[in-house]
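Residue-level listing of the chains:
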Amino acid sequence: TVAWLYVVREKGMTLNWQPTATMGTLRERARLIATVRAFFAARGIWEVETPVLGQGGSTDVHLVSLSSLARTDKGQRKLWLQTSPEFHMKRLLAADSGPIFQLAKSFRDGEVGARHNIEFTMLEWYRPGFTLAQLIEETTALVAHVLPQPPGPVVHYRYRELFHRHLEVDPFTTSLVTLRSLAAERGNMSAQALAEEGRDTCLDLLMGMVIEPTLGQQELSVVVDYPASQAALARRHQDADGEWVASRFELYLNGIELANGYDELTDAEEQRQRFDADNAERRRLGLPEVDVDAHLLAALEQGLPASSGVALGLDRLIQLALGKTRLEEVLAFSTANC
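What comes next concerns the included structure. (Residues numbered from 1 in each chain as written. Predicted model: local features only at pLDDT ≥ 70, side-chain atom pairs only at ≥ 80, totals over all residues. Heavy atoms only, no water.)

## Section: the nonpolar core
Buried together is how nonpolar side chains tend to be arranged in soluble globular proteins.
Thought 1: In this structure, F40, L123, W125, L142, V143, F249 and L312 are the most contacted members of the largest nonpolar core, which totals 34 residues.
Thought 2: In terms of residue count, helix α3 (residues 132-146) provides more of this core than any other element does, six residues in total.
Thought 3: Aside from chain neighbours lying at most four places away, what touches F40 is I45, F101, L123, W125 and L142.
Thought 4: In this structure, L167, A183, L215 and A231 belong to the second largest nonpolar core, which totals 23 residues. (Core = buried A, V, L, I, M, F, W, Y, C linked by side-chain atoms within 4.5 Å. Buried < 20%, exposed > 50% of the residue type's maximum accessible area, 1.4 Å probe, protein only. Helix = DSSP H or I, 4+ residues; strand = E, 2+ residues; numbered from the N terminus. Contact = heavy atoms within 4.5 Å.)

## Brief notes about the packing of aromatic side chains
Thought 1: Following the criterion strictly, the structure yields six aromatic pairs and no others.
Thought 2: Members of the aromatic cluster, joined through ring pairs, are F39, F40, F101 and W125. (Phe/Tyr/Trp six-rings, centres within 6.5 Å; stacked < 30°, edge-to-face > 60°.)

## Thoughts on the sheet that holds strand β6 (residues 75-81)
Thought 1: Strand order in the open sheet formed by three strands is β4-β6-β5, with antiparallel pairing between adjacent strands. The open sheet is flanked by β4 (53-54) and β5 (66-72), the only strands paired with a single partner.
Thought 2: The pairing of β4 with β6 spans two bridges and is classified as antiparallel. Across the sheet, G54 pairs through a bridge with W80, a residue of β6. (Pairing = 2+ DSSP bridges.)

## Section: α3
Each turn of an α-helix holds 3.6 residues, which means side chains three or four residues apart point in the same direction.
Thought 1: Along its 15 residues, α3 runs 21 Å from first to last C-alpha, staying within 8% of the 21 Å computed at 1.5 Å per residue.
Thought 2: L132, L135, I136, E138, T139, T140, L142, V143 and V146 are the residues of α3 that are buried. (Expected span 1.5 Å × (residues − 1).)

## With respect to the pattern of salt bridges
Thought 1: For the structure on display, the rule yields 23 salt bridges.
Thought 2: Of the charged contacts in the structure, one is a salt bridge between R158 and D241, with a shortest N-O distance of 2.8 Å. Taken together, the residues R158 in strand β9 (residues 154-158) and D241 in the loop between β11 (236-238) and β12 (244-246) connect sequence positions 83 residues apart.
Thought 3: Assessed through its relative accessible area of 26%, R158 is described here as partly exposed.
Thought 4: A relative accessible area of 48% means that D241 is categorised as partly exposed. (Salt bridge = Lys/Arg side-chain N within 4 Å of Asp/Glu carboxyl O.)

## Regarding the packing of helix α2 (residues 86-94) against helix α8 (residues 294-302)
Thought 1: Interhelical geometry of α2 versus α8 gives an angle of 25 degrees and a closest axis separation of 9 Å. Here α2 is positioned roughly parallel relative to α8, judged by the angle of their axes. Taken as a pair, α2 and α8 cross one another with a handedness that is left-handed. Counted together, F87, K90, R91 and A94 of α2 and H295, L296 and A299 of α8 form the full contact between these two elements.
Thought 2: Taken together, the residues that form the contact of α2 with α8 break down as four nonpolar, one polar and two charged. (Axes fitted to C-alpha atoms, helices over the stretch in contact; angles between N-to-C directions. Parallel < 35°, antiparallel > 145°, perpendicular 65-115°, else oblique. Left-handed = near helix turned anticlockwise from the far one by under 90°. Nonpolar A, V, L, I, M, F, W, Y, C, P; charged D, E, K, R; others polar.)

## Remarks on unusual backbone geometry
Thought 1: The backbone phi angle of D96 is positive, close to 70 degrees, even though this residue is not glycine.
Thought 2: With respect to the helices and strands, the residue D96 is situated in the loop between α2 and β7 (100-107).
Thought 3: Take D96: its relative accessible area is 69%, and that puts it in the exposed class.
Thought 4: Positive phi is not limited to glycine here, since N188 has a value of about 55 degrees.
Thought 5: By secondary structure assignment, the location of N188 is in the loop between α5 (176-186) and α6 (199-211).
Thought 6: The class of N188 is exposed, set by a relative accessible area of 74%.

## Description of the sheet that holds strand β15 (residues 307-313)
Thought 1: As summarised here, the arrangement of the eight strands in space is β3-β7-β8-β15-β14-β13-β10-β9, forming an open sheet in which the pairing is mixed. The sheet is open, and its two edges are formed by β3 (46-47) and β9, each paired on a single side.
Thought 2: With six bridges connecting them, strand β13 (residues 248-253) and strand β14 (residues 256-263) associate as antiparallel partners. Bridge pairing in β14 places Y252 opposite E257.
Thought 3: Together, β7, β8 (119-128), β14 and β15 form the strand contacts of α2, whose direction differs from that of β8 by roughly 25 degrees.

## Details of the side chain of T121
Thought 1: Within the fold, T121 resides in strand β8.
Thought 2: A polar atom in the side chain of T121 sits 3.2 Å from the side chain of K105. (Polar contact = N/O pair within 3.5 Å; in protein donor to acceptor, adjacent residues only side chain to side chain.)

## Observations regarding the environment of T140
Thought 1: By secondary structure assignment, the location of T140 is in helix α3.
Thought 2: Not counting residues within four places of it along the chain, the set of residues in contact with T140 comprises V154, L220, V222 and L251.

## Side note on empty space enclosed by the protein
Thought 1: The full count for this structure, using the stated rule, is one cavity of 30 Å³ or more.
Thought 2: If you add up the space inside the largest cavity, you get close to 30 Å³.
Thought 3: Around the largest cavity, the lining residues are T50, P51, V52, Q82, S84, P85, Q102, A104, K105 and S106.
Thought 4: Considered class by class, the residues forming the lining of the largest cavity number four nonpolar, five polar and one charged. (1 Å grid on protein atoms, 1.4 Å probe; cavity = no way out; pocket = protein on both sides within 12 Å on 5 of 7 lines; lining within 4 Å. Points joined across faces, edges and corners; volume = space filled by probe spheres on them.)

What follows is the structure, given as structure tokens:
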């Protein structure tokens, strides 16, 4: 169906108040969300709700957290809009919640485009006692369950293998000078633009510009063994080559990153050191520091059960399921029209 266009004029400006998506698309979205909930109910994973605001934000150098000053019982405080529900959900795990999932509104500043919206819906779930391999199997099963047609076989790739194949460089040993030069060349940027950027930024640019578009073509692509420096809140392990790598995976379909899963880090001190290292890198780059979530660290100190967890971009999955070209086509109101 085609939505009617209604506009009003206010102060000489034309305001488009209509929904971004059609009513037919929004009904299909509701149906797919019900399908997701049924998938988890059948597996005994219960739904939780956690706050959108938190005492800490994401220290990840590549994410921009939004914050707000709020009047609380302890006076005016800075609260952070969550980039994902991860911190609060891990606190539930530490309180012996068992397997849980959530459809959470999440926020990342500056992320606007065909596959991005500043406010989006994250589907996140945690499986105490699950290995990463078990979680990969469950994640691919969910995606196949939601899509109208089978997505093809599940194919696993090692991060290092992909860089060798598509760029003829080794992401672990190639010099930073070479990576900066290659990222500038492939991204049509000046070398000066990347002069202060670190190794992971260059690798992320090359992954996004060169490798990601090739993934998930007639298959579900699972990428594993990312550099240890990209572990974030995941454990680390040594791969078959003896290299320390992150115990995590990413899932791709049609060149789109759908999910990011971890064998969750349970060591409070190591997590604190990683947060501190993130903020040190932010200072080096002239970026604002982000408050560390002390409640999460306290929960880790209390004891987090061995778990695997994954965050999946629900809007992107719905976009693919409905054959839409832009994320805003499956949102009631995009950031540009909210």
